[in-house]
Each structure stands twice: as C-alpha cells, then as structure tokens.
Amino acid sequence: ASAATCGPSCGWPTRRWISRVKHFFIISRNEDESRRELIRRLTQYIQQKGGVCSCAHNPEDGRPGEIAVPEGTQCILTVGGDGTLIRAAQNTFGSNIPLLGVNCGHLGYLCELDRDNVFDAVDDLFADRYQVEERMMLSGSIAGPEGRSPETQALNDVVLSCSAGIQIIQLTVYVNGEHLYSYNCDGMIFSTPTGSTAYNLSANGPIVNPKTNLILLTPINPHTLNSRSIVLDSSDEIVVEITPRRKDITETAEVRFDGSHKMMLRPGERLTVRKAKQKTRMIQFSNISFLERIRIRMREN
C-alpha cells in the first residue's frame, strides 16, 4: 500500500505514514532460551500473516553499518533492551530503516514493546497503524599526526573519560573553532536529546525532549563550582583535546560511543564531535507525550 495520511477521525495525529510493514528483520543481543522462544514465535506469527522475517545477532562492538540488512526490510525489531536497540542503531547506520524495540530486560526509555504486546504491535504494523519518529545521532572521530580515524556514530552519547581510572584530566573544549573552556574533571559527556536520560542524567545534566535537535555538553565530576551542562546547537562542531598537567606523565583518555567502539585520545590528538549526517528512525505506537513519559518515570523512581 502507498503512504497514507491519517486524519482526526482515526484518533491519531495527522501525520504522513509509510506503507504497511510486511518485511521484518529481527536483531537480538544473544540467544538465551527465553529470547529464542520469543523470536521463534514472532517469526512464525509474521510468516502466518503473509510476511517475511529474518534474524541476526547484534555484534557487541561491531562497526557502524556492519550488519547487512536484507533487501526490502521495512522494520528492524530488536529483542533485548535499550542497549540492544542502541547497538542496532549503530550497526545498521545508513540503512534508513525504522527500528522498534522489544524489551526483555530492565525497564528503559527506548523500547516501547514487551513480550505481552509485541504481537498486537505486529498486527498494527500490518494494518498501517503506526508513526515514525526521527532521532538525531552524533558522529565522532579522532585526528592526530598519523591521520584521522573513521567516523563512528552514537544514538545516546559520546563519552570521554580518563584511561587511568579515578584521576583528574584537563580537557580543553572548542566550539566552531572558538575556545570555550578548559575543564578539570573526570571526563566529558556529549549527548543527543535521546541520550539526555542516560549517562547525562546521572551526571546531573538536563532532560530534553528527544525530538529536539541539539547537543548537550556535560562535564563528569568537574573540579570547580561553576561548571554546568551547556546546550549547543545541533550544527555546532565540538573539538576536545587533552591539556597535559604534568610533564612526567602522559595522560590519555578513552572515548566510547554508546558505551562501545573504544578509542584512545592522546596528547596532540583532537576528538571532533558533530551531528551525524543521518538520523535514526523509530516506530511509535503510543500517543503518550514526552512530559507524560517523564512523569511516569519520576513516579517509578
């Protein structure tokens, strides 16, 4: 079926949808017994409805775009938790295929489905009852005397931390070529709006609507009284370098993209973080607003 527009009469916001989903691709973190059974039942259910379904594992530290998505795929179902969905967004980056998370672990912010309602969701996908929401991603690379690393993407955040464990590190930050500040801290978080409720929140960063386009810069345990999170425009380019504090010690930092894809940042090198060229598309069913979701999470915690 061609893309359609749903009006107020159907109870959904007026929005352009994509065609009915019949071709699914399931990505799981691992195959323990309970997940194997759920994936088997999902695959059988989709095929009984006349759909196509294939499956793959989610490489824990795969390179962006590493998973080969079957041609014709209309929806990527992730079975696991928020981490599985985030890793799938990295590993299928560039495919432009919407993702839908089935939660099999702890309560999270990204996975909308669970074991009880996933089959009803498949019915809704076949019947064209869904929306697609876009989430911005970050892209980062490290440049030094030996050249520049390939760009790596993150749906939640890019986190820089001292590789020597619990130790202060001095980080000098530039925004669009202009010096911003030199932080004495344990590290730095560069977060998307989606990632504002992840590590950024634990570091006392602000919660922002995931539909917005901006970059959050949040220092980790800053050793000063006036260092707070800074909200930057999504078009800004952020460059970070290590400022050595002692001549007798070579300080290095780890850079992780959504908790994986570890790189090392050394003195003389620069980490560049910017908005990724493509976004992650996520399927939504619920009409619950962002504020209502936050209110629910606050009551639960």
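About the criteria used
Throughout, a residue's number is its position along its own chain's written sequence, starting from 1. This being a predicted model, a pLDDT of at least 70 is required before a residue's local features are given, and a value of 80 or more before pairs of side-chain atoms are given or counted; all residues contribute to the totals for chains, interfaces and linings. For side-chain calculations, the full set of non-hydrogen atoms in the structure is used, while hydrogens and water are omitted. Secondary structure is summarised from DSSP: a helix means a run of H or I of at least four residues, a strand means a run of E of at least two, and numbering begins at the N terminus for each. Partly exposed residues are those whose accessible area sits between 20% and 50% of the maximum for their type, while under 20% is buried and over 50% is exposed, using a 1.4 Å probe and protein chains only. Throughout, a residue-residue contact means that at least one pair of heavy atoms, one from each residue, lies within 4.5 Å. The pairing criterion for strands is at least two bridges between them, as found by DSSP. For every element, the axis is a line fit to its C-alpha atoms; helices are fit only across the contacting stretch, and the angle between N-to-C directions ranges from 0 to 180 degrees. Only buried residues count toward a nonpolar core. Its members are Ala, Val, Leu, Ile, Met, Phe, Trp, Tyr and Cys residues joined through side-chain atoms within 4.5 Å. Values of pLDDT, which run from 0 to 100, indicate the predictor's confidence residue by residue. Salt bridge criterion: a side-chain nitrogen from Lys or Arg within 4 Å of a carboxyl oxygen from Asp or Glu. Here the word oblique covers every angle except those under 35 degrees (roughly parallel), over 145 (roughly antiparallel) and from 65 to 115 (roughly perpendicular). Should the near helix be turned anticlockwise from the far one by less than a right angle, the crossing is left-handed, and should it be turned clockwise, the crossing is right-handed.

1. Overview of the side chain of H23
- By the secondary structure assignment, H23 is in strand β3 (residues 23-28).
- A relative accessible area of 16% places H23 in the buried class.
- H23 has contacts with V52, P70, E71, G72, T73, Q74 and C75, leaving out every residue within four places of it along the chain.

2. Examining the pairing of strand β9 (residues 138-144)
- Within β9, 6 of the 7 residues are buried, which leaves the element mostly enclosed by the surrounding structure.
- As judged from the 3 bridges shared by β9 and strand β11 (residues 152-154), these two strands associate in the antiparallel manner. Residue G140 lies in a different strand from β11, and its bridge partner there is T152.
- Bridging between β9 and strand β21 (residues 270-275) involves 6 bridges; their strand directions are antiparallel. Within β21, the position partnered with L138 by the bridge is K275.
- Where β9 meets strand β10 (residues 147-148), 2 bridges bridge the pair, whose relative direction is antiparallel.

3. A closer look at the sheet that holds strand β19 (residues 253-257)
- Taken in spatial order, the 6 strands line up as β17-β16-β15-β12-β19-β20 in an open sheet, and their pairing is antiparallel. Each edge of the open sheet is held by one strand with a lone partner, namely β17 (230-233) and β20 (260-265). Taken pair by pair, the neighbouring strands of this sheet meet at an average axis angle of 20°, ignoring direction.
- Taken together, the 4 bridges between strand β16 (residues 214-220) and β17 define a ladder with antiparallel strand orientation. Considered in β17, the bridge of I215 is made with L232.

4. Brief notes about the nonpolar core
- Core analysis: the largest hydrophobic core is formed by 28 residues, its most contacted members being F190 and V255.
- Ranked by residues supplied to this core, first place goes to strand β13 (residues 169-175) with 4 residues.
- Dropping the residues within four chain positions of it, F190 is found in contact with L138, N156, D157, V158, L216, L217, I238, V240, L271 and V273.
- Membership of the second largest hydrophobic core comes to 25 residues, among which are F24, C104, L113 and I283.

5. Remarks on the confidence of the model for the protein chain
- Considering every residue of the protein chain, the mean pLDDT works out to 87; 89% of them sit at 70 or more.
- Put simply, strand β1 (residues 5-6) is where the protein chain has its lowest mean pLDDT, 36, and β21 is where it has its highest, 98.
- Counting interchain partners and residues more than four positions distant, the pLDDT-below-50 stretch residues 1-17 has 36 contacts.

6. Section: the pattern of salt bridges
- Within this structure, the stated rule accounts for 11 salt bridges.
- Among the salt bridges present, the one from E37 reaches R40, with a minimum N-O distance of 2.7 Å. Pair noted here: E37 and R40 are both in helix α1 (residues 33-48), with a separation of 3 residues, about one helical turn.
- A relative accessible area of 34% places E37 in the partly exposed class.
- In this structure, R274 and E237 form a salt bridge, with 2.5 Å as the shortest nitrogen-oxygen distance. Highlighted residues: R274 in strand β21 and E237 in the loop between β17 and β18 (238-242), separated in sequence by 37 residues.
- Exposure remark for R274: the relative accessible area of 26% places this residue in the partly exposed category.
- For E237, a relative accessible area of 30% translates into the label partly exposed.
- Linked by salt bridges that have partners in common, E133, R135 and K211 make up one network.

7. Details of the packing of α1 against helix α3 (residues 118-126)
- In contact at an axis separation of 11 Å, α1 and α3 are set at 30° when each is read in the N-to-C sense. On the basis of their axis angle, the class for α1 and α3 is roughly parallel. Crossing of α1 against α3: the hand is right-handed. Contact residues: L38, R41, L42, Y45 and I46 in α1; V118, F119, V122, D123 and F126 in α3.

8. Considering the environment of T43
- Note on placement: T43 falls in helix α1.
- A relative accessible area of 14% places T43 in the buried class.
- Sequence separation of T43 and I26 is 17 residues, and the distance between their C-alpha atoms is 8.5 Å.
- Not counting residues up to four positions away in its chain, the partners in contact with T43 are I26, C53 and C55.

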